[in-house]
Every structure is written in C-alpha cells, then in structure tokens.
Amino acid sequence: MSGDGDFQPRVLAFLCHWCSYAGADLAGISRLQYPPNVRVVRVPCSGAVNPLWILKALQRGVDGVLVSGCHPGDCHYLAGNYVARRRLALLKDLLDYVGMEPGRVSFSWVSAAEGQKFAQIIREVTETVRALGPGRKLVKEVATDD
Amino acid sequence: MTEPASLARSLLEEGRVEVVVGYRPGTLPLRARPHFAFSPEQAAQFIWDRTCTPDLTVYLPRLKGRRVAVFVKGCDARSLVVLLQERQLSREQLVVIGLECPGVVTPDKLPPEQYQALTSATVEGEQVLLRGGSQLERVPVEQLLADPCRTCQHPDPVIQDYLIPTNCGRREREDPYGVVAQFERLEREERWVRLEREVADCIGCYACRQACPLCYCPDCFTDRFQPRWVGPIWSTSDALFFHLARALHLAGRCVDCGACVRACPLGIDLRHVYKRLEQAVKERFGYVPGLDPEAPPVLGTFRPEDPGDFIK
Ligand code: SF4
Ligand code: SF4
Ligand code: FES
C-alpha cells in the first residue's frame with residue numbers, strides 16, 4: 001500500500017459466467033479502455049456468491065469488491081440473481097450499519113452485450129475506491145496462516 | 001403440583017411423548033435451568049415463572065424424529081417455527097406447550113457483586129425479592145427484565161397445542177428499533193470503532209453460537225479448515241469476521257430470544273446489529289421470521305419486484 005498520490009486500488013470482481021463475464025470479454029475484444037485495477041473471479045452465477053467471500057476479500061486487504069450478474073429475468077439459472085439480490089441487499093445494509101464505507105462493495109447487472117457498461121462500471125468502482133483510500137477496516141494484520 | 005408439572009406428567013403417562021423439555025429451579029438464584037423428563041416421576045419438578053429465561057428449542061434439532069413435548073414462551077415459539085420452516089423438525093413429532101409470557105428476568109442486570117452475594121431470590125408479582133444472608137431487598141421486575149422482553153411484539157406463542165396462561169399484567173411494547181436508531185445516529189467512523197470495541201474481547205469460544213436455537217448446523221463455517229474462515233491466530237479482525245458472518249447467517253431468522261447475549265462470558269452484546277437486520281428484512285421484503293411454519297425462509301425465496309435500488 002503506497003502513499004497518497006499513487007494509490008492503486010485493488011478491486012476484486014465476482015462476475016457471473018453467463019452475463020457479466022461475457023460482458024467483460026466483450027469490453028476486451030472491443031478494445032474498450034478501463035482501469036487495470038480489477039481482478040476477476042468468474043463464478044457460475046451471481047447466486048453462487050457467498051457473502052462471506054466478500055468479507056474475506058476485505059479481510060485479506062482487497063480495497064473494493066464488485067459483484068455482477070445477469071439482469072433480472074436473464075439469469076441462466078432463472079432465479080439465481082433474484083436470490084442473490086436479497087442476500088446482497090442484507091450484506092449491504094449490514095456493512096452500512098456497522099460503519100463500512102459505502103462504495104467498498106458494489107453490485108451491478110451487466111449483460112453479455114454490455115461491454116460499454118462493464119467498462120463504465122469498472123471506471124466508476126475504481127474511482128470510488130481510489131477516493132476512499134486503502135481498505136483498512138476488517139484487514140487482518142497478523143501473518144496469514146495459509 | 002404445578003400446572004406445567006401435571007400437564008407434563010399426563011403427557012408422559014399417556015405415552016404421547018418420550019420426553020418433555022421444560023424448566024426446573026436452578027442452583028443459582030433467578031436462573032431456572034432446563035429439565036428433561038423421561039418418566040412421569042421426573043415431571044414433578046417442572047415450573048414456569050419469570051426466571052424461565054432460556055430458549056429450550058435449542059435442544060430440539062438433536063431430538064429430530066423423536067416424540068417431544070416442549071415448553072415455549074413467545075420468542076421460543078418463534079424459534080420453533082423457524083426450525084419447522086427449515087425442516088429441522090416435524091410438527092407431528094411435537095407437543096407444544098405454550099406459555100403466555102409476561103416477560104422474563106435476567107440476573108445479568110444486577111451488579112455482579114450484588115448477584116454473587118445473593119443466597120436466594122424469588123419473583124412475586126411485579127417484585128423480585130433478593131435475599132443475601134439476613135438482608136432482604138425488593139426490586140421491581142422491570143429493573144431485571146431481559147432486553148428483548150422490553151420490545152417483544154409476540155409474547156403469546158404463535159403455535160401451541162396447550163396454553164398455560166399468565167396471571168401477570170402485560171407490558172407496554174417499546175419501539176423494537178430504538179437501539180438501532182440510537183446507533184445509527186453516530187457517525188460512520190464512530191460506528192465502526194464501536195463495533196470493533198464491542199467484539200475486541202471476544203475469545204472465539206462460540207458459546208453464543210451454541211446457545212442459539214437457530215445455529216444448528218453440524219458443520220459451522222467457524223469449524224471448517226478448507227477454507228479456514230477464522231483463526232487459528234485470533235485477532236479483532238477474526239472476531240469482526242465471525243460476528244458479521246454470524247449476523248448474516250441469522251438474517252431473516254433471528255427471533256431476538258436473547259440467548260446469545262446471555263451466553264457470552266465476556267458480556268458482548270450485538271443485539272442491535274441483529275435488530276438492524278430484522279428491520280432491513282421487514283422493510284425490504286415485508287417479512288417477520290418465525291410466524292408461519294409454512295412460509296419459505298425469506299432468503300430461500302424472492303419476488304421479482306424486490307428492491308434493487310443498490311445495484312448499478
Ligand atoms: S442470534 Fe441470538 S437472539 Fe437471535 S435467535 Fe440466535 S440466540 Fe436468539
Ligand atoms: S460467546 Fe462471547 S466470547 Fe464467545 S464467541 Fe460468542 S461473542 Fe465471542
Ligand atoms: S447466471 Fe448470471 S446471474 Fe445467474
């Protein structure tokens with residue numbers, strides 16, 4: 001983690017295989033520019049994202065997390081994103097309530113056709129997290145065990 | 001014989017159940033303890049009064065498939081309903097003895113020195129009589145009332161086969177989310193600092209988890225090694241992770257029975273966090289846990305029109 005001016009946030013993005021990951025792919029093959037701060041984890045469906053992964057990422061020193069899936073009605077598994085929406089809403093409410101910065105964790109719907117939107121969201125998320133500065137809350141300082 | 005005792009006795013005599021789970025006087029003042037009666041003789045010890053604070057439904061998942069009668073207050077009936085909703089029990093195996101609840105006391109409200117000096121205590125009407133040697137002190141029940149009872153919206157059991165009425169008066173129901181509003185008034189940074197401070201003493205003993213009627217998973221995330229979610233080197237960060245993860249796992253399920261707070265040897269009290277999630281579930285999804293045994297768990301279902309305002 002570096003000083004003020006040149007802080008490069010690390011953003012972890014959980015992207016569903018069928019929509020958002022394909023949207024990221026489209027952004028790539030369309031040669032759209034977006035910040036290189038994002039690390040992608042491809043998941044089968046947004047409904048497969050365990051909220052504990054998000055907490056774990058923050059604990060391990062990631063500066064921001066994005067979860068992105070198919071638009072409502074478009075989930076490859078029909079309802080995975082609807083179930084995810086309930087679960088993630090509560091994660092968001094919980095983090096807000098206990099004092100985590102808003103913007104550390106973001107959510108989006110990005111379809112396979114929305115390369116533009118994907119690039120735009122990565123820009124937004126990166127800038128928000130950059131403005132927040134390095135993630136500190138929840139970070140475990142002692143040497144990790146594995 | 002007390003009413004709970006005679007009812008339990010007849011259930012066992014008639015062979016309707018194998019075991020009755022209820023309360024008997026404890027060895028410490030103001031703390032009734034769980035009692036399991038397998039024979040009509042053992043039923044004689046059952047009591048029901050305002051020291052019957054524990055939620056006994058915590059013992060039920062391990063009695064799955066057996067014929068059990070259980071005493072439940074308002075909050076306990078709701079944790080029982082959640083267990084039924086989640087198919088941890090079947091209604092057919094149960095005889096539910098509802099207790100109309102006027103609110104229960106907890107000696108945790110007394111200064112520890114005062115509690116340790118007590119030789120006995122009894123509740124008479126709206127007064128608690130505290131005896132320490134030759135001393136006798138009367139304090140109002142109000143002073144020792146458990147926090148959840150102050151705001152309880154469902155003091156009458158939502159399911160029961162028998163009902164034991166109360167002869168005590170009913171309380172005014174205080175705003176259940178007063179504790180939430182109070183915390184929300186603090187600045188964001190201060191809120192995080194308070195949370196950290198609250199959990200900093202946590203030693204990861206998981207007594208809160210063990211006491212919770214709804215933490216029944218035989219394979220809790222805290223006990224897993226692949227991946228390892230918490231520890232083995234315990235830090236405040238692990239305590240935060242544990243408590244945030246536990247709160248999420250109880251979201252839309254916690255019935256505010258208060259067992260976790262009472263169980264903690266360090267006095268860690270995160271009730272307001274659980275109340276916040278309860279409130280969020282109510283506002284977002286119009287759902288209150290533990291009212292309808294047939295309703296699907298709130299996070300196992302959805303409505304297409306659920307709010308999605310937080311998603312870009
Ligand atoms: S989290 Fe605490 S208050 Fe809620 S059901 Fe479990 S033990 Fe009861
Ligand atoms: S009972 Fe208290 S000390 Fe033990 S794990 Fe729970 S909060 Fe931590
Ligand atoms: S497959 Fe994309 S959200 Fe379910």
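Predicted model, so just to flag it, every value in this text is computed and none were measured.

Undergrad: Mind showing me how you'd approach the pattern of salt bridges here?
TA: If the charged atoms of two oppositely charged side chains come close together, the side chains can form a pair. Enumeration over the complete set of coordinates arrives at 30 salt bridges over all chains. Its salt-bridge partner being A:Arg130, residue A:Glu127 comes within 3.1 Å of it at the nearest N-O pair. Placement of the pair is A:Glu127 and A:Arg130 together in helix α4 (residues 115-132), with a separation of three residues, close to one helical turn. The salt bridge involving B:Asp223 is made with B:Arg209; its shortest N-O contact spans 3.2 Å. Of the two residues, B:Asp223 sits in the loop between α8 (207-211) and α9 (236-250) while B:Arg209 sits in helix α8, which places them 14 residues apart along the sequence.

Undergrad: Would you mind showing me how to read the site of ligand 1 here?
TA: Residue and element names in this part refer to chain B. Neighbouring ligand 1 are Cys212, Pro213, Arg246, Leu250, Cys254, Val255, Asp256, Cys257, Gly258, Ala259, Cys260 and Tyr274. Looking at the shell around ligand 1, the elements with two or more residues in it are α9 and α10 (259-263). Grouping the amino acids of the shell around ligand 1 by side-chain chemistry returns nine nonpolar, one polar and two charged.

Undergrad: Which parts of the structure should I look at to understand the interface of chain B and chain A?
TA: How big an interface is tends to be expressed through the accessible area that disappears when the partners come together. Between chain B and chain A, the contact holds 48 residues from the first and 43 residues from the second. Regarding the contact of chain B and chain A, the summed buried area is about 4100 Å², with carbon and sulfur atoms giving 67% of it. Among the residues of chain B in contact with chain A, B:Trp192, B:Phe310 and B:Lys312 are the three that bury the most area, contributing 19% of the side total. Here chain B and chain A share six salt bridges between them. Across the chain B-chain A interface, the total number found is 18 residue pairs in polar contact (both at pLDDT 80 or more). Elements that contribute at least two residues to the side of chain B that touches chain A include exactly α6 (178-184), α7 (188-199), α9 and α11 (271-285) of chain B. Sorting elements by how many residues they give to the side of chain B that touches chain A places α9(B) first, with nine residues. Here the side of chain B that touches chain A is built from residues that sort into 29 nonpolar, seven polar and twelve charged.

Undergrad: What am I meant to see in unusual backbone geometry here?
TA: The general pattern is negative phi for most residues beyond glycine and trans for most peptide bonds. Looking along the chain, the bond that leaves B:Gln226 and enters B:Pro227 is cis, with omega of -5 degrees. Relative to the elements of secondary structure, B:Pro227 occurs in the loop between α8 and α9. Residue B:Pro232 follows B:Gly231 across a cis peptide bond; omega there is 5 degrees. On the secondary structure map, B:Pro232 appears in the loop between α8 and α9. Positive phi, normally seen in glycine, also occurs at A:Arg31, with a value near 55 degrees. Take A:Arg31: it is sitting in the loop between α1 (20-29) and β2 (38-43). Notably, A:Leu78 is not glycine yet its phi reads approximately 70 degrees, a positive angle. Mapped onto the elements, A:Leu78 comes out in the loop between β3 (64-69) and α3 (80-98).

Undergrad: Explain the site of ligand 2 here, please?
TA: Residues and elements named next belong to chain B. Taken together, 13 residues lie near ligand 2, and Cys202, Cys205, Tyr206, Cys208 and Cys264 sit nearest. Within the residue set of the shell around ligand 2, elements represented by two or more residues are α8 and α9. For the shell around ligand 2, the class distribution of residues is eleven nonpolar, two polar and no charged.

Undergrad: Before we go on, may I ask you to explain the state of the cysteines in this structure?
TA: Among covalent bonds in proteins, the disulfide is the one between the sulfur atoms of two cysteines. All names here are of chain A. Scanning the model with the defined rule gives one disulfide over all chains in all. Between the sulfur atoms of Cys19 and its disulfide mate Cys70 the distance is 2.5 Å. On the S-S bond that ties Cys19 to Cys70, the torsion sits near 100 degrees, and the link is right-handed. Of this pair, Cys19 sits in the loop between β1 (11-16) and α1 while Cys70 sits in the loop between β3 and α3, and the two are 51 residues apart along the sequence. The same class applies to Cys19 as to Cys70, namely buried.

Undergrad: Help me out: how do you make sense of the sheet that holds strand β4 (residues 105-109) of chain A in this one?
TA: Strand pairing within a sheet occurs via backbone hydrogen bonds; the two strands may be parallel or antiparallel. Residues and elements named next belong to chain A. If you walk across this open sheet you meet the four strands as β2-β1-β3-β4, and the pairing is parallel. Edge strands, defined here as strands with exactly one partner in the open sheet, are β2 and β4. Between one strand axis and the next, the sheet turns by 20 degrees as a mean value, whatever way the strands run. Against the sheet, α1 touches β1, β2 and β3, its axis set at about 115 degrees to β1. Against the sheet, α4 contacts β1, β2, β3 and β4, and its axis sits at roughly 160 degrees relative to β3.

Undergrad: Even after reading the chapter, I still don't get the packing of aromatic side chains, so can you show me in this structure?
TA: Aromatic ring pairs are reported here in terms of the distance separating the ring centres and the angle at which the planes meet. Scanning the entire structure with this criterion turns up twelve aromatic pairs over all chains. Measuring from centroid to centroid gives 6.0 Å for B:Trp229 and B:Phe241, while their planes differ by 15 degrees, and the two rings are stacked. Pair noted here: B:Trp229 is in the loop between α8 and α9 and B:Phe241 is in helix α9, with a separation of twelve residues, a long-range link. The pair B:Trp229 / B:Phe241 is uniform in exposure class, with both members buried. The ring of A:Tyr21 has A:Arg42 lying over it, and the distance from NZ or CZ to the ring centre is 4.7 Å. Positioned above the aromatic ring of B:Phe285 is the side chain of A:Arg86, whose terminal nitrogen or guanidinium carbon lies 4.3 Å from the ring centre.

Undergrad: What am I meant to see in the pairing of β1(A) here?
TA: Every regular strand shows the same layout, with side chains that alternate between the two sheet faces. Residue and element names in this part refer to chain A. The element β1 is extensively covered by neighbouring structure, given that six of its six residues are classed as buried. What you see with β1 is no split at all: Val11, Ala13 and Leu15 on one side and Leu12, Phe14 and Cys16 on the other are buried throughout. Of the strand pairs in this sheet, β1 and β2 are connected by six bridges, and their pairing is parallel. Bridged to Leu15 within β2 is Arg42. Of the crossover connections in this fold, the one passing from β1 over α1 to the parallel β2 is right-handed. Bridge analysis of β1 against β3 gives five bridges, and the strand direction is parallel. Across the sheet, the residue bridging to Leu15 is Ser68, located in β3.

Parameters at a glance
Residues numbered from 1 in each chain as written. Chains lettered and ligands numbered in written order. Predicted model: local features only at pLDDT ≥ 70, side-chain atom pairs only at ≥ 80, totals over all residues. Heavy atoms only, no water. Salt bridge = Lys/Arg side-chain N within 4 Å of Asp/Glu carboxyl O. Helix = DSSP H or I, 4+ residues; strand = E, 2+ residues; numbered from the N terminus. Near = heavy atom within 4 Å. Nonpolar A, V, L, I, M, F, W, Y, C, P; charged D, E, K, R; others polar. Contact = heavy atoms within 4.5 Å. Buried area = accessible area lost by both parts, 1.4 Å probe. Polar contact = N/O pair within 3.5 Å; in protein donor to acceptor, adjacent residues only side chain to side chain. Disulfide = S-S within 2.5 Å. Buried < 20%, exposed > 50% of the residue type's maximum accessible area, 1.4 Å probe, protein only. Pairing = 2+ DSSP bridges. Axes fitted to C-alpha atoms, helices over the stretch in contact; angles between N-to-C directions. Phe/Tyr/Trp six-rings, centres within 6.5 Å; stacked < 30°, edge-to-face > 60°. Lys NZ or Arg CZ within 6 Å of the ring centre and 35° of its normal. Right-handed = clockwise from strand over helix to strand, strands pointing away.

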